[in-house]
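A structural walkthrough
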Amino acid sequence: MLMRTDPFRDLDRLTQQLFGATTRPSAMPMDAYRSGDEFLVHFDLPGIDPETIELDVERNVLNVRAERRSPAPEDAEMLVAERPTGTFTRQLFLGETLDTDRIDASYDAGVLTLRIPVAEQAKPRRIQITGGGGDRKEISG
């Protein structure tokens, strides 16, 4: 038999059962960084069925939604329920310089990875300038 030593967990569980909401915020930890011509975003979503993950972009706002269901049958008496269940959501505001039409998403080992390419028009390019003597020079822009 499992021993419960934290009386506040029981209070959290009871509150969740009565009010239908968790007393602790549901987290979706994230790392984001730029590597070359793309941004990478990693979300920790352990135990999530990939079929429940939804991604959508509207006006440069990326919405991530995922659901974790309890593995216990409905008629089971829970002794310890520390793993969060329910719906997890997160919003990212994407800059105009990102190509939201070419976002690539993959899910592996509990991590959702998004690859968001930098838009072609936002990449640095060389501009040629003609001088007064007809000589052409390049300036990086």
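Because the structure is predicted, anything quoted here is derived from the model rather than measured.

A word on the side chain of Asp-99. For Asp-99, the location among the structural elements is in the loop between strand 5 (86-93) and strand 6 (104-108). Apart from the residues lying within four places of it in its own chain, the contact partners of Asp-99 are Ile-116, Pro-117, Val-118 and Ala-119.

So, on to the environment of Gln-91. Counting through the fold element by element, Gln-91 comes out in strand 5. For the pair formed by Gln-91 and Val-61, sequence separation is 30 residues and the distance between their alpha carbons is 6.7 Å. Non-local contacts of Gln-91, meaning those with residues more than four positions away in its chain, are made with Val-61, Leu-62 and Asn-63.

Let us look at the sheet that holds strand 4 (residues 61-68). Adjacent strands of a sheet pair through backbone hydrogen bonds, lying either parallel or antiparallel. Ordered by their spatial adjacency, 3 strands build an open sheet running 3-4-5, and the pairing between neighbours is antiparallel. A strand with exactly one partner marks an edge of an open sheet, and here the two such strands are strand 3 (54-58) and strand 5. Averaged over all neighbouring strand pairs, the angle between strand axes comes to 15°, with direction disregarded. As defined by bridge partners, strand 3 adjoins strand 4 across 5 bridges and the pair is classed as antiparallel. In the strand pairing of strand 4, Leu-55 is matched with Val-64.

It is worth spelling out the sheet that holds strand 2 (residues 38-44) at this point. Taken in spatial order, the 4 strands line up as 1-2-7-6 in an open sheet, and their pairing is antiparallel. Each edge of the open sheet is held by one strand with a lone partner, namely strand 1 (30-35) and strand 6. Neighbour-to-neighbour, the strand axes of this sheet turn through a mean angle of 15°, independent of strand direction. Looking at chain direction, strand 1 and strand 2 are connected through 6 bridges and run antiparallel. By the bridge assignment for strand 2, Ala-32 is matched with Val-41.

Rules of the game
Residues numbered from 1 in each chain as written. Predicted model: local features only at pLDDT ≥ 70, side-chain atom pairs only at ≥ 80, totals over all residues. Heavy atoms only, no water. Helix = DSSP H or I, 4+ residues; strand = E, 2+ residues; numbered from the N terminus. Contact = heavy atoms within 4.5 Å. Pairing = 2+ DSSP bridges. Axes fitted to C-alpha atoms, helices over the stretch in contact; angles between N-to-C directions.

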